[in-house]
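Examining the three-dimensional arrangement
One letter stands for each residue in the lines below.
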Amino acid sequence: MTEVRSATPDDLEAIVAVHRAAFGRDAEAGLVRRLMAAGRAAISLVAVDEEDTVVGHVLFSPVTVEEGDDGKALGLAPVAVLPEHQRQGVGRALIEEGIGACFVREARAIFVLGSPVYYAAFGFMKASSHGLHDAFEGGNAFQVLPLTVEGLSGYRGRVDYAPEFSEGL
C-alpha cells in the first residue's frame, strides 16, 4: 500500500533515483533538480511504501500563457514511478492528489504533454481546442485541465513551461 505526501528536501536524492529508474536516462532527473534549485516546484508529491521509501514522484511548476497570463496555470511534469511499482495505480494516485493540490492552491488550469488516452481519464482535453499550443509542438499530446468553470477564460496562444525545461536539451 502506498501513501502520497508532500515531498521534503530530504527526498531529493530518492526522487532523482525514481526518475532515473523510470526513464532509464538522466534528463527527467536533471529537470527535477533544476526546477527545485530554481524554486519552481510549485507542488511536489511523492508516493511512499510502508517503509517510507519513495517509489513515485510528480511535480507541478508554473507555466506562462501568451495571452491572459495571471500566474495561476501550472504544468504537470515530470511524473515517474519505479518500474517495479508501475501498473499498480501509483502514478494515478500521484496525479489525482496533485490535481487536488493544484485546486487547493487556486490554480485555474493544469497543462500536460503526454498520452491523450492516459490523461483523458483525469479530465484533460486537447489544448488546441481552446486556442492554446505549446513550444514543443506537442499537437494532440498537449492537453489542459481547467480547474474551474472559468479556468481557461482569457487564456490564448502559446503556453511556455519554465525555462528549466529547455535547458539540457
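Remember, predicted model here, so these are calculated numbers, not experimental data.

**Some remarks on the packing of aromatic side chains**
Applying the stated criterion across every chain, the model contains 7 aromatic pairs. Between the aromatic rings of Tyr 118 and Tyr 119, the centroid separation amounts to 5.1 Å while the plane-to-plane angle is 90°, which identifies the pairing as edge-to-face. The partly exposed category is assigned to Tyr 118, whose relative accessible area is 34%. The class of Tyr 119 is buried, set by a relative accessible area of 8%. The interplanar angle of 65° and the centroid separation of 5.4 Å between the aromatic rings of Tyr 118 and Phe 122 together place this pair among those described as edge-to-face. Members of the aromatic cluster, connected to one another through ring pairs, are Tyr 118, Tyr 119, Phe 122 and Phe 124.

**Here we look at the pattern of salt bridges**
Applying the stated criterion across every chain, the model contains 10 salt bridges. Two residues, Arg 5 and Asp 11, come together in a salt bridge whose shortest N-O distance is 2.7 Å. Asp 11 carries the same exposure label as Arg 5, and that label is buried. One salt bridge connects Glu 164 with Arg 40, and the closest N-O pair in it is separated by 2.6 Å. Within this pair, whereas Glu 164 is found in the segment after β10 (156-160), its partner Arg 40 is found in the loop between α2 (27-37) and β2 (43-48), the two being separated by 124 residues in sequence. On the basis of relative accessible area, Glu 164 is assigned to the buried category, the value being 6%. What you see here is one network of salt bridges that share partners, running through Arg 5, Asp 11 and Asp 52.

Calculation notes
Residues numbered from 1 in each chain as written. Predicted model: local features only at pLDDT ≥ 70, side-chain atom pairs only at ≥ 80, totals over all residues. Heavy atoms only, no water. Phe/Tyr/Trp six-rings, centres within 6.5 Å; stacked < 30°, edge-to-face > 60°. Buried < 20%, exposed > 50% of the residue type's maximum accessible area, 1.4 Å probe, protein only. Salt bridge = Lys/Arg side-chain N within 4 Å of Asp/Glu carboxyl O. Helix = DSSP H or I, 4+ residues; strand = E, 2+ residues; numbered from the N terminus.

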